[in-house]
Amino acid sequence: MKRAALGIAIALLAMPAPAPGQDALAERTEAAFIASFAGGEPSVLIRTGLQDEVQRLCSEHRNAPPAGLAQLIEGAQRAAIRYPAKLMGDWKNGEKLAQSGYGGRFTDYPPRAENGGNCYACHQIAREELAYGTVGPSLLGYGKARGWGVAAQRLAYERIYNSQAFTACSAMPRFGHNGVLTPEQIAHLVALLLDPGSSLNR
Amino acid sequence: MNRLAFLFLVTLSVVPAVADERLEATVRQYREALKDASPGELFVDLGEELFRTKRGLKHASLEACDFGLGPGVLAGAHAQLPRYFADTDRVEDLESRLMSCMRQLQGFSEDAFPHHARSDPRMPDFERLAVYVAAQSNGMKLAAPLAHPKEVEAFRIGERLFYRRAGAYDFSCATCHMQQGKRIRLQQLAQLTNPGEAQGVFPTWPAYRVAPGAVHTLQDWLAICYWAARHPQLRYGSEASIALQVFLAQSANGGVIAVPGVKR
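The shown structure was predicted, so the numbers you read here are calculated from the model rather than taken from an experiment. (Residues numbered from 1 in each chain as written. Chains lettered and ligands numbered in written order. Predicted model: local features only at pLDDT ≥ 70, side-chain atom pairs only at ≥ 80, totals over all residues.)

**Structural notes on the overall build of chain B**
Helices and strands together make up the secondary structure of chain B, namely 10 helices and seven strands. Counting across all 264 residues of chain B, residues that qualify as buried make up 47%. (Helix = DSSP H or I, 4+ residues; strand = E, 2+ residues; numbered from the N terminus. Buried ≥ 20, exposed ≤ 12 C-beta atoms within 10 Å, placed from the backbone.)

Right, dumping it as C-alpha coordinates:
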(Lines give C-alpha, C1' and ligand atoms only; values in the text may rest on other atoms or scores of the structure.)
Protein backbone atom coordinates (compact mmCIF):
# COMPACT_ATOMS: atom_id res chain seq x y z
CA MET A 1 0.00 0.00 0.00
CA LYS A 2 2.84 2.38 0.96
CA ARG A 3 4.64 1.50 -2.23
CA ALA A 4 1.51 2.35 -4.23
CA ALA A 5 1.24 5.75 -2.51
CA LEU A 6 4.87 6.48 -3.26
CA GLY A 7 4.36 5.45 -6.88
CA ILE A 8 1.41 7.82 -7.13
CA ALA A 9 3.41 10.72 -5.69
CA ILE A 10 6.26 10.10 -8.14
CA ALA A 11 3.82 9.83 -11.03
CA LEU A 12 2.24 13.18 -10.14
CA LEU A 13 5.63 14.90 -10.01
CA ALA A 14 6.75 13.33 -13.27
CA MET A 15 3.72 14.35 -15.33
CA PRO A 16 4.76 16.86 -17.99
CA ALA A 17 2.82 20.12 -18.32
CA PRO A 18 1.00 20.27 -21.69
CA ALA A 19 2.53 22.48 -24.40
CA PRO A 20 0.58 25.75 -24.82
CA GLY A 21 -0.39 25.03 -28.46
CA GLN A 22 -1.84 21.69 -27.37
CA ASP A 23 -4.29 23.36 -24.98
CA ALA A 24 -5.71 25.60 -27.70
CA LEU A 25 -6.00 22.66 -30.08
CA ALA A 26 -7.73 20.58 -27.39
CA GLU A 27 -10.25 23.38 -26.87
CA ARG A 28 -10.86 23.75 -30.61
CA THR A 29 -11.37 19.98 -30.92
CA GLU A 30 -13.86 19.88 -28.04
CA ALA A 31 -15.79 22.80 -29.53
CA ALA A 32 -15.84 21.07 -32.93
CA PHE A 33 -17.02 17.83 -31.35
CA ILE A 34 -19.88 19.46 -29.44
CA ALA A 35 -21.02 21.40 -32.52
CA SER A 36 -20.92 18.31 -34.73
CA PHE A 37 -23.37 16.05 -32.93
CA ALA A 38 -27.08 16.52 -32.38
CA GLY A 39 -30.31 14.66 -32.10
CA GLY A 40 -31.29 11.39 -30.55
CA GLU A 41 -30.99 10.65 -26.89
CA PRO A 42 -29.84 13.58 -24.66
CA SER A 43 -27.93 11.26 -22.30
CA VAL A 44 -25.81 10.03 -25.23
CA LEU A 45 -25.00 13.64 -26.17
CA ILE A 46 -24.01 14.44 -22.59
CA ARG A 47 -21.92 11.30 -22.06
CA THR A 48 -19.91 11.78 -25.22
CA GLY A 49 -19.67 15.57 -25.07
CA LEU A 50 -18.26 15.40 -21.55
CA GLN A 51 -15.49 12.84 -21.28
CA ASP A 52 -14.70 11.45 -17.85
CA GLU A 53 -11.14 11.92 -16.59
CA VAL A 54 -10.00 8.43 -17.61
CA GLN A 55 -11.39 8.84 -21.14
CA ARG A 56 -9.70 12.22 -21.40
CA LEU A 57 -6.31 10.91 -20.23
CA CYS A 58 -6.47 7.83 -22.47
CA SER A 59 -7.33 10.03 -25.47
CA GLU A 60 -4.49 12.42 -24.64
CA HIS A 61 -1.97 9.56 -24.40
CA ARG A 62 -3.48 7.56 -27.29
CA ASN A 63 -4.05 4.61 -24.97
CA ALA A 64 -0.37 4.37 -23.99
CA PRO A 65 -0.19 6.28 -20.67
CA PRO A 66 3.20 6.54 -18.96
CA ALA A 67 3.69 3.85 -16.30
CA GLY A 68 3.01 6.12 -13.32
CA LEU A 69 -0.21 7.44 -14.77
CA ALA A 70 -1.33 3.93 -15.73
CA GLN A 71 -0.90 2.92 -12.09
CA LEU A 72 -3.05 5.84 -10.94
CA ILE A 73 -5.82 4.97 -13.39
CA GLU A 74 -5.79 1.29 -12.45
CA GLY A 75 -5.87 2.12 -8.72
CA ALA A 76 -8.76 4.55 -9.05
CA GLN A 77 -10.76 2.18 -11.27
CA ARG A 78 -10.22 -0.76 -8.92
CA ALA A 79 -11.38 1.25 -5.91
CA ALA A 80 -14.69 1.99 -7.66
CA ILE A 81 -15.72 -1.63 -8.34
CA ARG A 82 -19.05 -2.69 -6.79
CA TYR A 83 -19.97 -6.33 -6.25
CA PRO A 84 -23.22 -8.32 -6.44
CA ALA A 85 -24.46 -10.64 -3.66
CA LYS A 86 -23.35 -13.70 -5.70
CA LEU A 87 -20.42 -13.74 -8.16
CA MET A 88 -21.83 -16.70 -10.12
CA GLY A 89 -25.14 -16.22 -11.93
CA ASP A 90 -26.74 -18.38 -14.61
CA TRP A 91 -24.52 -19.19 -17.61
CA LYS A 92 -27.46 -19.53 -20.03
CA ASN A 93 -28.48 -16.01 -19.17
CA GLY A 94 -24.84 -15.05 -19.66
CA GLU A 95 -24.81 -16.55 -23.16
CA LYS A 96 -27.84 -14.41 -24.10
CA LEU A 97 -26.12 -11.30 -22.76
CA ALA A 98 -22.92 -12.19 -24.63
CA GLN A 99 -24.89 -12.41 -27.90
CA SER A 100 -26.83 -9.18 -27.50
CA GLY A 101 -25.41 -5.86 -28.64
CA TYR A 102 -28.49 -3.96 -27.58
CA GLY A 103 -28.07 -0.75 -25.62
CA GLY A 104 -26.35 2.61 -25.72
CA ARG A 105 -26.96 3.46 -29.40
CA PHE A 106 -29.15 6.53 -29.79
CA THR A 107 -31.75 4.36 -31.56
CA ASP A 108 -31.95 2.13 -28.45
CA TYR A 109 -33.89 4.83 -26.55
CA PRO A 110 -36.37 4.60 -24.97
CA PRO A 111 -35.11 1.14 -23.94
CA ARG A 112 -37.07 -1.78 -25.41
CA ALA A 113 -34.87 -4.55 -23.97
CA GLU A 114 -32.15 -5.02 -21.38
CA ASN A 115 -28.63 -4.00 -22.40
CA GLY A 116 -26.38 -6.73 -23.74
CA GLY A 117 -22.64 -7.19 -23.27
CA ASN A 118 -21.89 -7.53 -27.00
CA CYS A 119 -19.11 -9.97 -26.05
CA TYR A 120 -19.05 -11.90 -29.36
CA ALA A 121 -18.26 -8.66 -31.21
CA CYS A 122 -14.68 -9.04 -29.93
CA HIS A 123 -14.27 -12.51 -28.33
CA GLN A 124 -14.58 -16.14 -29.31
CA ILE A 125 -16.72 -17.71 -26.55
CA ALA A 126 -18.89 -20.78 -27.27
CA ARG A 127 -17.40 -23.25 -29.75
CA GLU A 128 -20.60 -23.40 -31.81
CA GLU A 129 -20.81 -19.62 -32.40
CA LEU A 130 -18.68 -18.91 -35.47
CA ALA A 131 -19.53 -15.23 -35.89
CA TYR A 132 -17.09 -13.94 -33.30
CA GLY A 133 -14.66 -11.04 -33.41
CA THR A 134 -10.94 -11.11 -32.73
CA VAL A 135 -10.20 -7.72 -31.16
CA GLY A 136 -10.11 -9.39 -27.71
CA PRO A 137 -8.56 -12.76 -26.79
CA SER A 138 -10.45 -16.04 -27.30
CA LEU A 139 -12.30 -17.11 -24.17
CA LEU A 140 -12.81 -20.71 -25.27
CA GLY A 141 -11.91 -23.06 -22.42
CA TYR A 142 -11.59 -20.12 -20.00
CA GLY A 143 -12.28 -22.19 -16.88
CA LYS A 144 -9.73 -24.84 -17.73
CA ALA A 145 -7.07 -22.21 -18.36
CA ARG A 146 -7.83 -19.96 -15.37
CA GLY A 147 -9.08 -22.28 -12.64
CA TRP A 148 -12.58 -22.57 -11.18
CA GLY A 149 -12.26 -21.15 -7.67
CA VAL A 150 -13.64 -18.03 -6.03
CA ALA A 151 -10.44 -16.10 -6.84
CA ALA A 152 -10.96 -16.81 -10.56
CA GLN A 153 -14.62 -15.77 -10.28
CA ARG A 154 -13.69 -12.54 -8.59
CA LEU A 155 -11.03 -11.80 -11.20
CA ALA A 156 -13.41 -12.48 -14.09
CA TYR A 157 -16.05 -10.26 -12.46
CA GLU A 158 -13.60 -7.41 -11.95
CA ARG A 159 -12.25 -7.63 -15.49
CA ILE A 160 -15.71 -7.35 -16.99
CA TYR A 161 -16.82 -4.70 -14.51
CA ASN A 162 -13.78 -2.55 -15.31
CA SER A 163 -10.95 -3.87 -17.43
CA GLN A 164 -9.04 -0.65 -16.78
CA ALA A 165 -8.58 -1.73 -13.17
CA PHE A 166 -6.03 -4.13 -14.69
CA THR A 167 -4.87 -2.43 -17.88
CA ALA A 168 -5.19 1.35 -18.01
CA CYS A 169 -6.69 2.52 -21.31
CA SER A 170 -7.65 -1.01 -22.34
CA ALA A 171 -9.87 -1.11 -25.45
CA MET A 172 -12.58 -3.05 -23.59
CA PRO A 173 -15.58 -1.02 -22.40
CA ARG A 174 -15.89 -0.63 -18.63
CA PHE A 175 -19.21 -2.47 -18.59
CA GLY A 176 -19.97 -2.24 -14.88
CA HIS A 177 -18.29 1.09 -14.17
CA ASN A 178 -20.14 2.76 -17.05
CA GLY A 179 -23.49 1.22 -16.10
CA VAL A 180 -23.86 -0.72 -19.35
CA LEU A 181 -24.36 -3.93 -17.36
CA THR A 182 -25.59 -4.36 -13.77
CA PRO A 183 -23.52 -6.33 -11.23
CA GLU A 184 -26.12 -9.16 -11.49
CA GLN A 185 -25.80 -9.28 -15.30
CA ILE A 186 -22.01 -9.44 -14.98
CA ALA A 187 -22.42 -12.36 -12.57
CA HIS A 188 -24.28 -14.20 -15.38
CA LEU A 189 -21.27 -13.57 -17.63
CA VAL A 190 -18.92 -14.85 -14.90
CA ALA A 191 -20.98 -18.05 -14.89
CA LEU A 192 -20.67 -18.28 -18.68
CA LEU A 193 -16.87 -18.12 -18.25
CA LEU A 194 -16.59 -20.35 -15.19
CA ASP A 195 -19.53 -22.76 -14.93
CA PRO A 196 -18.04 -26.18 -15.86
CA GLY A 197 -21.24 -26.92 -17.81
CA SER A 198 -21.29 -23.71 -19.85
CA SER A 199 -21.02 -23.64 -23.64
CA LEU A 200 -17.37 -22.60 -23.63
CA ASN A 201 -16.16 -25.06 -20.99
CA ARG A 202 -17.90 -28.22 -22.18
CA MET B 1 -31.16 -7.23 -68.70
CA ASN B 2 -31.65 -3.63 -67.79
CA ARG B 3 -29.88 -2.31 -64.75
CA LEU B 4 -32.93 -1.79 -62.60
CA ALA B 5 -34.13 -5.37 -63.06
CA PHE B 6 -30.63 -6.61 -62.39
CA LEU B 7 -30.41 -4.57 -59.20
CA PHE B 8 -33.77 -5.95 -58.08
CA LEU B 9 -32.73 -9.56 -58.64
CA VAL B 10 -29.42 -9.05 -56.90
CA THR B 11 -31.16 -7.50 -53.90
CA LEU B 12 -33.63 -10.38 -53.71
CA SER B 13 -30.91 -12.97 -53.78
CA VAL B 14 -28.69 -11.29 -51.21
CA VAL B 15 -30.97 -9.93 -48.50
CA PRO B 16 -32.15 -13.27 -47.05
CA ALA B 17 -28.54 -14.33 -46.50
CA VAL B 18 -28.62 -13.06 -42.94
CA ALA B 19 -25.61 -15.01 -41.70
CA ASP B 20 -22.74 -12.54 -41.64
CA GLU B 21 -20.27 -15.06 -42.95
CA ARG B 22 -22.40 -15.97 -45.93
CA LEU B 23 -22.96 -12.32 -46.67
CA GLU B 24 -19.23 -11.59 -46.47
CA ALA B 25 -18.46 -14.42 -48.90
CA THR B 26 -21.28 -13.27 -51.16
CA VAL B 27 -19.86 -9.75 -51.25
CA ARG B 28 -16.45 -11.08 -52.25
CA GLN B 29 -17.81 -13.12 -55.16
CA TYR B 30 -20.13 -10.32 -56.04
CA ARG B 31 -17.33 -7.76 -56.19
CA GLU B 32 -15.46 -10.02 -58.61
CA ALA B 33 -18.47 -10.69 -60.82
CA LEU B 34 -19.46 -7.03 -61.00
CA LYS B 35 -16.13 -5.43 -61.71
CA ASP B 36 -17.44 -3.77 -64.85
CA ALA B 37 -21.14 -3.53 -64.08
CA SER B 38 -21.72 -2.72 -60.42
CA PRO B 39 -25.32 -1.85 -59.51
CA GLY B 40 -23.70 1.27 -58.05
CA GLU B 41 -23.26 2.48 -61.64
CA LEU B 42 -26.99 3.02 -61.76
CA PHE B 43 -26.59 5.62 -59.01
CA VAL B 44 -23.76 7.29 -60.93
CA ASP B 45 -26.16 7.69 -63.88
CA LEU B 46 -28.92 9.01 -61.65
CA GLY B 47 -26.42 11.41 -60.09
CA GLU B 48 -25.33 12.75 -63.48
CA GLU B 49 -28.93 13.42 -64.44
CA LEU B 50 -29.52 15.30 -61.18
CA PHE B 51 -26.22 17.19 -61.55
CA ARG B 52 -27.28 18.48 -64.98
CA THR B 53 -30.87 19.31 -64.00
CA LYS B 54 -31.79 22.97 -63.48
CA ARG B 55 -33.09 23.20 -59.92
CA GLY B 56 -33.54 25.60 -57.00
CA LEU B 57 -34.63 29.24 -56.77
CA LYS B 58 -32.03 30.21 -59.36
CA HIS B 59 -33.13 27.45 -61.72
CA ALA B 60 -29.54 26.41 -62.42
CA SER B 61 -27.68 23.13 -62.76
CA LEU B 62 -24.51 22.20 -60.83
CA GLU B 63 -22.44 22.12 -64.01
CA ALA B 64 -20.53 25.29 -63.05
CA CYS B 65 -19.65 24.00 -59.56
CA ASP B 66 -15.97 24.45 -58.67
CA PHE B 67 -14.66 21.41 -56.78
CA GLY B 68 -11.19 22.93 -56.56
CA LEU B 69 -9.87 22.63 -60.11
CA GLY B 70 -12.05 25.39 -61.58
CA PRO B 71 -15.75 25.79 -62.45
CA GLY B 72 -17.11 22.71 -64.20
CA VAL B 73 -13.89 20.68 -63.95
CA LEU B 74 -14.82 17.26 -62.60
CA ALA B 75 -11.98 15.04 -63.85
CA GLY B 76 -9.54 14.66 -60.95
CA ALA B 77 -11.48 16.99 -58.65
CA HIS B 78 -12.43 14.31 -56.11
CA ALA B 79 -8.79 13.15 -55.97
CA GLN B 80 -7.83 16.42 -54.24
CA LEU B 81 -10.61 16.53 -51.67
CA PRO B 82 -11.06 17.47 -48.88
CA ARG B 83 -9.36 20.86 -49.37
CA TYR B 84 -9.59 24.55 -48.48
CA PHE B 85 -11.94 26.73 -50.55
CA ALA B 86 -11.39 30.49 -50.58
CA ASP B 87 -15.02 31.36 -51.45
CA THR B 88 -16.36 29.75 -48.28
CA ASP B 89 -13.12 30.25 -46.32
CA ARG B 90 -13.21 26.72 -44.96
CA VAL B 91 -12.11 23.18 -45.64
CA GLU B 92 -14.78 21.17 -47.45
CA ASP B 93 -15.22 17.53 -48.36
CA LEU B 94 -17.11 16.35 -51.43
CA GLU B 95 -20.51 16.54 -49.77
CA SER B 96 -20.10 19.89 -48.01
CA ARG B 97 -18.79 21.29 -51.32
CA LEU B 98 -21.93 20.05 -53.05
CA MET B 99 -23.98 21.92 -50.44
CA SER B 100 -21.93 25.10 -51.01
CA CYS B 101 -22.57 24.91 -54.76
CA MET B 102 -26.27 24.24 -54.19
CA ARG B 103 -26.41 27.38 -52.04
CA GLN B 104 -24.37 29.59 -54.36
CA LEU B 105 -25.42 28.39 -57.82
CA GLN B 106 -28.91 27.05 -57.27
CA GLY B 107 -30.12 29.17 -54.34
CA PHE B 108 -31.04 26.27 -52.06
CA SER B 109 -31.50 27.12 -48.38
CA GLU B 110 -30.51 25.07 -45.32
CA ASP B 111 -33.80 23.17 -45.17
CA ALA B 112 -32.89 21.40 -48.42
CA PHE B 113 -29.91 19.74 -46.73
CA PRO B 114 -29.94 16.60 -44.57
CA HIS B 115 -29.44 17.24 -40.85
CA HIS B 116 -27.73 13.91 -40.43
CA ALA B 117 -26.64 11.30 -42.94
CA ARG B 118 -28.34 8.35 -41.33
CA SER B 119 -31.90 7.86 -42.63
CA ASP B 120 -32.57 11.52 -43.49
CA PRO B 121 -35.07 11.52 -46.40
CA ARG B 122 -32.98 14.21 -48.16
CA MET B 123 -29.91 11.93 -48.33
CA PRO B 124 -30.51 9.99 -51.58
CA ASP B 125 -29.98 13.08 -53.79
CA PHE B 126 -26.62 13.74 -52.09
CA GLU B 127 -25.58 10.10 -52.38
CA ARG B 128 -26.25 10.18 -56.14
CA LEU B 129 -24.58 13.54 -56.73
CA ALA B 130 -21.55 12.53 -54.64
CA VAL B 131 -21.02 9.20 -56.37
CA TYR B 132 -21.31 10.84 -59.80
CA VAL B 133 -18.74 13.54 -59.04
CA ALA B 134 -16.38 11.10 -57.31
CA ALA B 135 -16.54 8.59 -60.18
CA GLN B 136 -15.12 11.27 -62.54
CA SER B 137 -11.78 10.77 -60.74
CA ASN B 138 -11.71 6.99 -61.10
CA GLY B 139 -8.25 5.59 -61.77
CA MET B 140 -6.51 8.66 -60.35
CA LYS B 141 -4.44 8.67 -57.19
CA LEU B 142 -5.75 10.47 -54.13
CA ALA B 143 -3.63 13.55 -53.42
CA ALA B 144 -5.49 15.54 -50.75
CA PRO B 145 -3.52 18.70 -49.91
CA LEU B 146 -2.16 19.68 -46.49
CA ALA B 147 -0.81 23.15 -47.17
CA HIS B 148 -3.31 25.86 -46.21
CA PRO B 149 -3.31 26.66 -42.46
CA LYS B 150 -6.99 25.65 -42.27
CA GLU B 151 -6.16 22.28 -43.84
CA VAL B 152 -3.43 21.78 -41.25
CA GLU B 153 -5.79 22.79 -38.44
CA ALA B 154 -8.50 20.42 -39.73
CA PHE B 155 -5.93 17.61 -39.89
CA ARG B 156 -4.90 18.19 -36.26
CA ILE B 157 -8.51 18.33 -35.07
CA GLY B 158 -9.32 15.18 -37.07
CA GLU B 159 -6.36 13.42 -35.54
CA ARG B 160 -7.47 14.30 -32.01
CA LEU B 161 -11.04 13.23 -32.80
CA PHE B 162 -9.76 9.88 -34.10
CA TYR B 163 -8.27 9.15 -30.66
CA ARG B 164 -11.02 10.80 -28.60
CA ARG B 165 -12.65 8.22 -26.32
CA ALA B 166 -16.12 8.87 -24.96
CA GLY B 167 -19.53 7.44 -24.17
CA ALA B 168 -20.90 4.33 -22.52
CA TYR B 169 -18.45 2.06 -24.38
CA ASP B 170 -15.34 4.29 -23.94
CA PHE B 171 -14.82 4.04 -27.72
CA SER B 172 -12.85 6.18 -30.13
CA CYS B 173 -12.31 5.54 -33.85
CA ALA B 174 -8.89 4.18 -32.88
CA THR B 175 -10.42 1.47 -30.65
CA CYS B 176 -11.31 -0.53 -33.76
CA HIS B 177 -9.30 1.10 -36.52
CA MET B 178 -5.82 0.92 -34.95
CA GLN B 179 -6.06 -2.87 -34.78
CA GLN B 180 -4.20 -4.87 -37.38
CA GLY B 181 -5.86 -7.89 -38.97
CA LYS B 182 -8.74 -7.96 -36.48
CA ARG B 183 -12.48 -8.18 -36.92
CA ILE B 184 -15.74 -7.29 -35.16
CA ARG B 185 -17.93 -10.40 -35.40
CA LEU B 186 -17.05 -11.30 -39.01
CA GLN B 187 -16.47 -7.77 -40.26
CA GLN B 188 -12.82 -7.12 -41.10
CA LEU B 189 -11.44 -3.88 -39.62
CA ALA B 190 -9.21 -1.60 -41.65
CA GLN B 191 -6.23 -0.21 -39.76
CA LEU B 192 -6.78 3.35 -40.95
CA THR B 193 -3.51 4.76 -39.65
CA ASN B 194 -1.66 2.30 -41.87
CA PRO B 195 -1.37 3.81 -45.39
CA GLY B 196 -1.37 0.34 -46.98
CA GLU B 197 -4.83 -0.33 -45.54
CA ALA B 198 -6.27 3.20 -45.71
CA GLN B 199 -5.37 3.43 -49.41
CA GLY B 200 -7.41 0.31 -50.08
CA VAL B 201 -10.64 1.52 -48.45
CA PHE B 202 -10.85 5.32 -48.23
CA PRO B 203 -10.80 5.99 -52.01
CA THR B 204 -13.60 3.44 -52.64
CA TRP B 205 -16.26 5.72 -51.08
CA PRO B 206 -19.00 6.51 -52.05
CA ALA B 207 -19.72 2.79 -52.25
CA TYR B 208 -22.59 0.49 -53.17
CA ARG B 209 -23.64 -1.45 -50.07
CA VAL B 210 -25.12 -4.85 -50.72
CA ALA B 211 -27.20 -5.28 -47.55
CA PRO B 212 -29.21 -2.02 -47.84
CA GLY B 213 -28.93 -2.09 -51.66
CA ALA B 214 -27.94 1.56 -51.78
CA VAL B 215 -25.02 3.88 -52.38
CA HIS B 216 -23.60 5.27 -49.15
CA THR B 217 -21.19 8.18 -48.87
CA LEU B 218 -18.35 8.69 -46.42
CA GLN B 219 -20.61 11.00 -44.40
CA ASP B 220 -23.14 8.13 -44.19
CA TRP B 221 -20.46 5.72 -43.14
CA LEU B 222 -18.93 7.99 -40.47
CA ALA B 223 -22.41 8.51 -39.02
CA ILE B 224 -22.98 4.73 -38.90
CA CYS B 225 -19.57 4.20 -37.24
CA TYR B 226 -20.35 6.78 -34.57
CA TRP B 227 -23.78 5.25 -34.02
CA ALA B 228 -22.21 1.82 -33.46
CA ALA B 229 -19.59 3.40 -31.17
CA ARG B 230 -22.44 4.62 -28.91
CA HIS B 231 -22.02 8.24 -29.97
CA PRO B 232 -24.81 10.68 -30.90
CA GLN B 233 -26.08 11.52 -34.36
CA LEU B 234 -23.33 13.10 -36.48
CA ARG B 235 -24.51 16.29 -38.20
CA TYR B 236 -24.30 16.17 -41.98
CA GLY B 237 -21.35 18.21 -43.22
CA SER B 238 -20.28 18.98 -39.64
CA GLU B 239 -16.78 20.17 -38.75
CA ALA B 240 -15.92 16.85 -37.09
CA SER B 241 -17.03 14.86 -40.15
CA ILE B 242 -14.80 16.97 -42.42
CA ALA B 243 -11.80 17.08 -40.06
CA LEU B 244 -11.84 13.28 -39.72
CA GLN B 245 -11.78 12.94 -43.51
CA VAL B 246 -8.84 15.37 -43.75
CA PHE B 247 -6.95 13.22 -41.23
CA LEU B 248 -7.83 9.92 -42.92
CA ALA B 249 -7.07 11.26 -46.41
CA GLN B 250 -3.44 11.90 -45.44
CA SER B 251 -3.12 8.23 -44.56
CA ALA B 252 -4.94 7.20 -47.77
CA ASN B 253 -3.09 9.53 -50.15
CA GLY B 254 -1.65 7.57 -53.07
CA GLY B 255 -4.58 5.15 -53.10
CA VAL B 256 -6.42 4.86 -56.41
CA ILE B 257 -9.96 6.25 -56.62
CA ALA B 258 -12.34 3.36 -57.48
CA VAL B 259 -15.92 4.54 -57.06
CA PRO B 260 -18.46 3.16 -56.32
CA GLY B 261 -16.76 0.47 -54.24
CA VAL B 262 -18.81 -2.60 -53.31
CA LYS B 263 -19.28 -3.24 -49.58
CA ARG B 264 -21.34 -5.63 -47.48
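**Here's the deal with the interface of chain B and chain A**
Each side of the interface is counted separately: chain B has 38 residues, and chain A has 37 residues. Looking at the side of chain B that touches chain A, the elements that each hand over two or more residues are helix H2 (20–33), helix H6 (149–162), helix H7 (173–177), strand S3 (183–184), helix H9 (218–228) and helix H10 (239–252) of chain B. Of the residues in the side of chain B that touches chain A, the class split is 15 nonpolar, 10 polar and 13 charged. (Contact = placed C-beta atoms within 7 Å. Nonpolar A, V, L, I, M, F, W, Y, C, P; charged D, E, K, R; others polar.)

**What to know about the environment of His115(B)**
For His115(B), the location among the structural elements is in the loop between helix H4 (94–104) and helix H5 (123–135). C-alpha of His115(B) to C-alpha of Arg235(B): the two residues are 120 residues apart in sequence and 5.7 Å apart in space. Aside from chain neighbours lying at most four places away, what touches His115(B) is Gly39(A), Asp120(B), Arg235(B) and Tyr236(B).

**Details of the packing of helix H6 (residues 91–99) of chain A against helix H9 (residues 183–194) of chain A**
Residue and element names in this part refer to chain A. Their axes nearest at 7 Å, the elements H6 and H9 cross at an angle of 105°. On the basis of their axis angle, the class for H6 and H9 is roughly perpendicular. Along its contact with H6, which presents Trp91, Asn93, Gly94, Glu95, Leu97 and Ala98, the element H9 presents Gln185, His188, Leu189, Ala191 and Leu192. Of the residues contributing to the contact of H6 with H9, the split by class is six nonpolar, four polar and one charged. (Axes fitted to C-alpha atoms, helices over the stretch in contact; angles between N-to-C directions. Parallel < 35°, antiparallel > 145°, perpendicular 65-115°, else oblique.)

**Re helix H3 (residues 42–49) of chain A**
Residues and elements named next belong to chain A. Listed as buried for H3 are Val44, Arg47 and Thr48. Projection of H3 onto a plane perpendicular to its axis shows the buried side chains occupying an angular sector of 90°, all on one side. Among the exposed residues of H3, those oriented more than 90 degrees off its buried face are Pro42 and Ile46. (Arc of directions from axis to C-beta.)

**Let's talk about the packing of H4(B) against H5(B)**
Two packed helices can be described by the angle between their axes and the distance between those axes. Residue and element names in this part refer to chain B. Contact geometry of H4 with H5 gives a least axis separation of 10 Å together with a crossing angle of 110°. Comparing the axis directions of H4 and H5 gives the class roughly perpendicular. Counted together, Leu94, Glu95 and Leu98 of H4 and Phe126, Leu129, Ala130, Val133 and Ala134 of H5 form the full contact between these two elements. Each residue belonging to the contact of H4 with H5 can be placed in one class, and the counts come to seven nonpolar, no polar and one charged.

**What about the domain arrangement of chain A?**
Residues and elements named next belong to chain A. For chain A, the assigned domains are domain 1 (2–79) and domain 2 (91–194). The interface of domain 1 with domain 2 comprises 13 residues on the first partner and nine residues on the second. For the side of domain 1 that touches domain 2, the elements supplying multiple residues, two or more each, are helix H4 (53–60) and helix H5 (67–79). A breakdown of the residues in the side of domain 1 that touches domain 2 according to their chemical character gives six nonpolar, four polar and three charged. (Domains from an automatic or database assignment.)

**Let's talk about the sheet that holds strand S7 (residues 261–263) of chain B**
All names here are of chain B. Read from one edge to the other, the open sheet built from three strands follows the order S6-S5-S7, with strand pairing classed as mixed. Two strands bound the open sheet, and with one partner strand each, they are strand S6 (214–216) and S7. Going from strand to strand, the sheet's axes swing by 35° on average, the running direction of each strand aside. One ladder, built from three bridges, connects strand S5 (residues 207–209) with S7; its direction is parallel. From the neighbouring strand, Tyr208 faces S7, where its bridge partner is Val262. (Pairing = 2+ DSSP bridges.)

**Here's the deal with the environment of Pro114(B)**
Residue and element names in this part refer to chain B. Residue position: Pro114 is located in the loop between H4 and H5. A C-alpha to C-alpha distance of 25 Å links Pro114 and Gly167, two positions 53 residues apart in sequence. Beyond its immediate chain neighbours, meaning those up to four positions away, Pro114 contacts Asp120, Arg122, Met123, Phe126 and Tyr236.

**With respect to the nonpolar core**
Of all hydrophobic cores here, the largest spans 104 residues; its most connected members are Ile186(A), Val190(A), Val131(B) and Ala243(B). Every residue in contact with Ala243(B), bar those within four places of it in the chain, is listed here: Ala32(A), Ala154(B), Ile157(B), Gly158(B) and Leu161(B). With eight residues, the next largest nonpolar core counts Val54(A), Leu57(A), Leu69(A) and Leu72(A) among its residues. (Core = buried A, V, L, I, M, F, W, Y, C linked by C-beta atoms within 7 Å.)

**Side note on H5(B)**
Residue and element names in this part refer to chain B. Relative to the 18 Å expected for 13 residues at 1.5 Å per residue, H5 spans 18 Å between its end C-alpha atoms, a close match to the ideal helical length. Across the 13 residues that make up H5, a large majority, 11, are buried. Among all positions of H5, only Met123, Phe126, Glu127, Arg128, Leu129, Ala130, Val131, Tyr132, Val133, Ala134 and Ala135 are buried. Contacts from the buried residues of H5 go to helix H3 (40–52), H4 and S6. (Expected span 1.5 Å × (residues − 1).)

**So, unusual backbone geometry**
Residues and elements named next belong to chain B. Residue Pro82 follows Leu81 across a cis peptide bond; omega there is -5°. With respect to the helices, strands and loops of the structure, Pro82 is situated in the loop between H3 and strand S1 (83–85). Following Trp205, the chain continues to Pro206 via a peptide bond in cis, the omega torsion being 0°. Mapped onto the secondary structure, Pro206 falls in the loop between helix H8 (195–201) and S5. The phi angle at Asp170 is positive, at roughly 60°, despite the residue not being glycine. Within the element layout of this structure, Asp170 appears in the loop between H6 and H7. Taking the C-beta count within 10 Å as the criterion, Asp170 has 28 such neighbours and is therefore assigned buried.

**A closer look at the confidence of the model for chain A**
On average, residues of chain A score 92 in pLDDT, and 90% of them are at 70 or above. This model gives residues 9–14 of chain A a pLDDT under 50, and the stretch forms six contacts once residues within four places in sequence are excluded. (pLDDT = per-residue confidence, 0-100.)

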